[in-house]
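# Architecture and fold: a report
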Amino acid sequence: MALTLKEQDAAHWVYRGEGAVNLVLAYTGSSPSFIGKVIRIRKAPRNGSQSKGASVRNSIALTPHERVLWKDVHQLISSSDKEIVGQLYVQHVMKPLLGSNYVDAGMYVLVTKEFLELVEKNVTGQRPAWRVDAARVDTHCDFGLLMSDHSLFVHGSQGSGHCLSVEIKPKCGFLPLSRFISEGNAIKRRITRFEMHQTLKLLQGEISQLSEYNPLDLFSGSNVRIQKAIRGLLTTPQNNFRVFLNGSLILGGLGGVSKDTDVCIAKAFEDELKSVIQADDGQCTDNLFTLVTEALQKSGVLDNLLEVQKLDNIDIEGAIHAYHDIVSQQCMVCRELNEEQAQIYTSLHSASLDEKLRIVKNYLIATTAKDCSLMLCFRPRNEGDSGSVYNNVYLESTKQAFDFKVYFIDLDLKRLSKVEDYYELDKKIVSCYRQTIKMDQEDMK
């Protein structure tokens, strides 16, 4: 971590977005070390205390149980820093699984407290109010994760000066078939988790309407269904779809759920696309759908992602039993079941420790894959361009060729201690959906 960002550098970093844990800034200055880069810096909850820099750097990266869980990944268990272990997880676990060409693990750089304090001041007005209320920049964390800005192409490379990038959060692309799913939760085999979770989010006021997106369409392999999925994302972007033009957001929200795409937003979006897609008025958006579909199909990234998601082949309802044995706790789930119901999970509790570790590790890796995002970036190729290092697609309707690149982002390490939370959320999602269906049926009588 030889590079250090200081107070005078803060003006060159602008707000790009944020999630629950990190805030993302994009570089606008002229330093060769940072051109075409973004940095992820950690946030701290306002209702909690921030850790002092020294203790942050020297804190335990993995708990004793996690060290056993990841014992086969030496780089992880040898790290003594809980932040850097996240980057090592991407490098040594997710990158080999998803493909080295599609994953950027990034590198850590030092940041001063003065840099972070000024960044906090500069970006507060651009952040969603509820994000500001919940958390602030952690000014006691003295490093950030520097990565390539995958919404842009490298400066000075071939092609036109314009580029268009699409960020998609695909979510889980299959229906679970595990025999460990209880009879009362059999609906999980028919309805996607995404659709059920939408019902809970609507009830809790997190969204204003149910999404029109269906992950099964995106992962279907059918051009027609993939375009249907992207159209659904455009109509109801929420926090699952964003589009950037030359690195600047033109559709979707930066730090949270964006509003639905009405006629005015759709018209403004269509107009923005004209600088990249040379189509007749009203046809640019449809051509974007075609571009994204072709790139997804040609790259094969969705096949890779689905394969990793399916490492969770016994569902959280199975993984929770292996988890309790790994952490040497009485199984709280079995305790609430009768003898006949508990019999279903006997094979899990009698499995070897290595098998239980495999189950839980695969569940956590799959959870990362179900919660990551895809960034697709396009730029028109000029006539006569040759020798591009990028893949390309041809848009027949506009007679344009486009270079494109695809990267997975937000491949965060899922902590072992969160397994119980995932189990409780799963119960809540299914219960809410069942109750909603029951109420709807009663209303129809």
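Residues numbered from 1 in each chain as written. Predicted model: local features only at pLDDT ≥ 70, side-chain atom pairs only at ≥ 80, totals over all residues. Heavy atoms only, no water.

What follows is about the pattern of salt bridges. Following the criterion strictly, the structure yields 31 salt bridges and no others. Here Lys 171 ties to Asp 371 by a salt bridge, and the two come within 3.2 Å at their closest N and O atoms. Residue Lys 171 is located in the loop between β8 (164-168) and α7 (193-203), and its partner Asp 371 is located in helix α17 (residues 353-371); the two are separated by 200 residues in the primary sequence. Notably, a salt bridge pairs Glu 396 with Lys 399, separated by 2.3 Å at the nearest N-O pair. Under the relative-accessibility criterion, Glu 396 is labelled partly exposed at 49%. Taken together, the shared-partner salt bridges in this structure form one network comprising Lys 188, Arg 193, Asp 315, Glu 317 and Asp 426. (Salt bridge = Lys/Arg side-chain N within 4 Å of Asp/Glu carboxyl O. Helix = DSSP H or I, 4+ residues; strand = E, 2+ residues; numbered from the N terminus. Buried < 20%, exposed > 50% of the residue type's maximum accessible area, 1.4 Å probe, protein only.)

Let us look at the pairing of strand β13 (residues 400-409). Of all 10 residues making up β13, 8 are buried, and the element is well covered by its neighbours. The sheet contact formed by strand β11 (residues 373-380) and β13 spans 8 bridges and is antiparallel. Within β13, the residue paired with Leu 374 across the bridge is Phe 408. Where strand β12 (residues 391-395) and β13 come together, 5 bridges link them in antiparallel fashion. (Pairing = 2+ DSSP bridges.)

Angle between the axes and distance between the axes: these two values describe a pair of packed helices. The contact between helix α13 (residues 315-326) and α17 brings their axes to 9 Å, and the two run at 130°. With respect to α17, the axis of α13 lies oblique. As α13 runs across α17, the sense of the crossing is left-handed. Of α17, the residues touching α13 (which contributes Ile 316, Ala 319, Ala 322, Tyr 323, Asp 325 and Ile 326) are Leu 353, Lys 356, Leu 357, Ile 359, Val 360 and Tyr 363. (Axes fitted to C-alpha atoms, helices over the stretch in contact; angles between N-to-C directions. Parallel < 35°, antiparallel > 145°, perpendicular 65-115°, else oblique. Left-handed = near helix turned anticlockwise from the far one by under 90°. Contact = heavy atoms within 4.5 Å.)

With that out of the way, let us pick up the confidence of the model for the protein. Overall, the prediction assigns the protein a mean pLDDT of 90, with 92% of residues at 70 or greater. Here residues 49-58 scores under 50 on pLDDT; set against residues more than four positions off or in separate chains, the count is 22 contacts. (pLDDT = per-residue confidence, 0-100.)

Turning next to the domain arrangement of the protein. Under the domain assignment, the protein is made up of domain 1 (4-57 + 91-148) and domain 2 (152-444). Taken over C-alpha atoms, the centre of domain 1 sits 24 Å from the centre of domain 2. On the side of domain 2, 21 residues touch domain 1, which itself brings 17 residues to the contact. Across the domain 1 to domain 2 interface the summed buried area is about 1700 Å²; carbon plus sulfur atoms make up 65%. Between domain 1 and domain 2 we count 2 salt bridges in total. Between Arg 40 and Asp 412 there is a salt bridge whose closest N-O contact spans 3.1 Å. For the pair domain 1 and domain 2, the number of links is 6 residue pairs in polar contact (both at pLDDT 80 or more). Taken together, the elements giving at least two residues each to the side of domain 1 that touches domain 2 come down to β2 (13-18), α4 (84-98) and α6 (129-134). (Domains from an automatic or database assignment. Buried area = accessible area lost by both parts, 1.4 Å probe. Polar contact = N/O pair within 3.5 Å; in protein donor to acceptor, adjacent residues only side chain to side chain.)

Mapped onto the elements of the fold, Lys 414 is located in the loop between β13 and α18 (419-444). Judged by relative accessible area, which is 13%, Lys 414 ranks as buried. Among the polar contacts listed, one links the side chain of Lys 414 to the side chain of Asp 371, at a separation of 3.2 Å. Non-local contacts of Lys 414, meaning those with residues more than four positions away in its chain, are made with Leu 364, Thr 367, Thr 368, Asp 371 and Tyr 422.

Our focus in this paragraph is the packing of aromatic side chains. Remark: the centre distance and the inter-plane angle together describe each pair of aromatic rings, the angle taken between the planes. Counted by the stated rule, this structure contains 10 aromatic pairs. Look at Trp 13 and Phe 34: their rings are 5.6 Å apart centre to centre, the planes differ by 75°, and that puts the pair in the edge-to-face class. With Trp 13 in strand β2 and Phe 34 in the loop between β3 (22-27) and β4 (37-45), this residue pair connects regions lying 21 residues apart in the sequence. Since its relative accessible area comes to 8%, Phe 34 is described here as buried. When the ring of Phe 378 is compared with that of Phe 404, the centres are 6.3 Å apart and the planes differ by 35°; the resulting orientation is tilted. Taken together, the residues span a long stretch of sequence, with Phe 378 in strand β11 and Phe 404 in strand β13 at a distance of 26 residues. A relative accessible area of 0% means that Phe 378 is categorised as buried. By relative accessible area, Phe 404 is classed as buried at 2%. A connected cluster of aromatic rings, assembled from ring pairs, spans Trp 13, Tyr 27 and Phe 34. (Phe/Tyr/Trp six-rings, centres within 6.5 Å; stacked < 30°, edge-to-face > 60°.)

Glancing now at the state of the cysteines. Applying the stated criterion to the full structure yields 0 disulfides. Of all cysteine sulfurs, the one in Cys 377 lies closest to Cys 163, which takes part in no disulfide; the gap is 4.3 Å. Judged by relative accessible area, Cys 163 falls into the buried class, the value being 6%. Of all cysteine sulfurs, the one in Cys 172 lies closest to Cys 432, which takes part in no disulfide; the gap is 19 Å. (Disulfide = S-S within 2.5 Å.)

What follows covers helix α10 (residues 263-273). Among all positions of α10, only Phe 269, Glu 270 and Leu 273 are buried. For α10, the angular spread of buried residues about the axis comes to 100°, placing them on one side. Close packing links the buried residues of α10 with β8, α9 (223-235), β9 (241-245), β10 (248-251) and α11 (284-299). The residue sitting at the N-terminus of α10 and contributing the capping side-chain oxygen is Asp 262; that oxygen lies 3.2 Å from the backbone nitrogen of Cys 264. (Arc of directions from axis to C-beta.)

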